[in-house]
Amino acid sequence: EKGCELLDCLARGNETGRVAIIRVGGSRAIVNAIQNHEDNKDVQRVAFEALTVLSSEFECWFDLEQDGSIDAVGRAFQRHAKISAGVERSGSVVMSNFSLFRSQNNITAE
C-alpha cells in the first residue's frame, strides 16, 4: 500500500517523472500489488489511484499491453468497483485511458 502511495506521489510531478517510473517497472509493480493483494480494498484503491496518473502515458499502456497486465487490471476493476468508490472512480479513468490507447492503435479488447 505504501509503495503504491509513493509511486502515486512521484508520478504526479511531471511527465518526465511518470515516464521514468514506468521505464523502471513502476506500472508493473502496481499491477503486482493489485494481483498480490486482491482481497485488500485499501491496496486496490491506492494502486488504482497510482495507475490513474501513470495510465495517461502511452508508455504505461504499451508496457502493460505487452505482457497482458491490462486484462488483470480490468478483472480487478470489475471485482472491486462495486465495493470501493475509490476503485470505481480511479479505475474508470484507468480503463478509459487504456481503451483510448487501444483504439488509437487499432487493438480490440478480447
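Refer to the preceding data block for the structure.
Source: prediction; values computed, not measured.

Calculation rules
- Residues numbered from 1 in each chain as written.
- Predicted model: local features only at pLDDT ≥ 70, side-chain atom pairs only at ≥ 80, totals over all residues.
- Heavy atoms only, no water.
- Helix = DSSP H or I, 4+ residues; strand = E, 2+ residues; numbered from the N terminus.
- Rg over C-alpha atoms; globule rule 2.2 N^0.38 Å.
- Contact = heavy atoms within 4.5 Å.
- Areas by Shrake-Rupley, 256 points an atom, 1.4 Å probe, with all protein chains shown as cover.
- Lys, Arg positive; Asp, Glu negative; His and termini not counted.
- Charge placed at Lys NZ, Arg CZ, Asp CG, Glu CD.
- Expected span 1.5 Å × (residues − 1).
- Buried < 20%, exposed > 50% of the residue type's maximum accessible area, 1.4 Å probe, protein only.
- Axes fitted to C-alpha atoms, helices over the stretch in contact; angles between N-to-C directions.
- Left-handed = near helix turned anticlockwise from the far one by under 90°.
- Nonpolar A, V, L, I, M, F, W, Y, C, P; charged D, E, K, R; others polar.
- Parallel < 35°, antiparallel > 145°, perpendicular 65-115°, else oblique.

Draft legend 1. Just the overall build of the protein chain, in detail. The helix and strand inventory of the protein chain stands at 7 helices and 0 strands. Overall, the protein chain shows an N-to-C arrangement of helices and strands of α-α-α-α-α-α-α. Whereas a compact globule of 110 residues would reach a radius of gyration of roughly 13 Å, the protein chain reaches 13 Å, a difference of no more than 12%. Along the first, second and third principal axes, the C-alpha atoms of the protein chain reach 35 × 30 × 20 Å. Considering only contacts within the protein chain whose residues lie at least 6 apart along the sequence, 70% involve residues at least 24 apart. Accessible surface for the protein chain amounts to roughly 6,100 Å². Of this, 48% is attributable to carbon and sulfur atoms. Taking the average place of the 12 positive charges on the side chains of the protein chain and the average place of its 16 negative ones, the gap between the two points comes to 3 Å.

Draft legend 2. Highlighting helix 7 (residues 85-104). For helix 7, spanning 20 residues, the distance from its first C-alpha to its last is 29 Å, which sits close to the expected 28 Å at 1.5 Å a residue. Within the sequence span of helix 7, burial applies to Gly 86, Val 87, Ser 90, Gly 91, Val 94, Asn 97, Phe 98, Phe 101 and Arg 102. Buried residues along helix 7 sit against helix 4 (41-54), helix 5 (58-66) and helix 6 (69-80). Taken from the residues just after helix 7, Asn 106 is the one with a positive phi, measuring 55 degrees.

Draft legend 3. Broad picture of the side chain of His 80. Mapped onto the elements of the fold, His 80 is located in helix 6. By relative accessible area, which is 4% here, His 80 ends up buried. Look past the residues within four positions of His 80 in its chain and what remains in contact with it is Glu 38, Gln 44 and Val 87.

Draft legend 4. Representation of the packing of helix 4 against helix 7. Closest axis-to-axis distance for the helix 4/helix 7 pair is 8 Å, and the angle between their directions is 35 degrees. The interaxial crossing formed by helix 4 with helix 7 has left-handed handedness. Residues Gln 44, Arg 45, Phe 48, Glu 49, Leu 51 and Thr 52 of helix 4 form the contact with helix 7, whose own contacting residues are Gly 86, Val 87, Ser 90, Gly 91, Val 93, Val 94 and Asn 97. Residue composition of the contact of helix 4 with helix 7, grouped by class: 5 nonpolar, 6 polar and 2 charged.

Draft legend 5. The arrangement of the packing of helix 1 (residues 2-11) against helix 4 in detail. Orientation of helix 1 relative to helix 4, taken along the N-to-C sense of each, is 25 degrees, at an axis distance of 8 Å. Accordingly, the angle class assigned to the pair helix 1 and helix 4 is roughly parallel. Of the two possible hands of crossing, helix 1 and helix 4 adopt the one that is left-handed. Listed contacts from helix 4 to Cys 4, Glu 5, Asp 8 and Ala 11 of helix 1 are Val 46, Ala 47, Glu 49, Ala 50, Val 53 and Leu 54.

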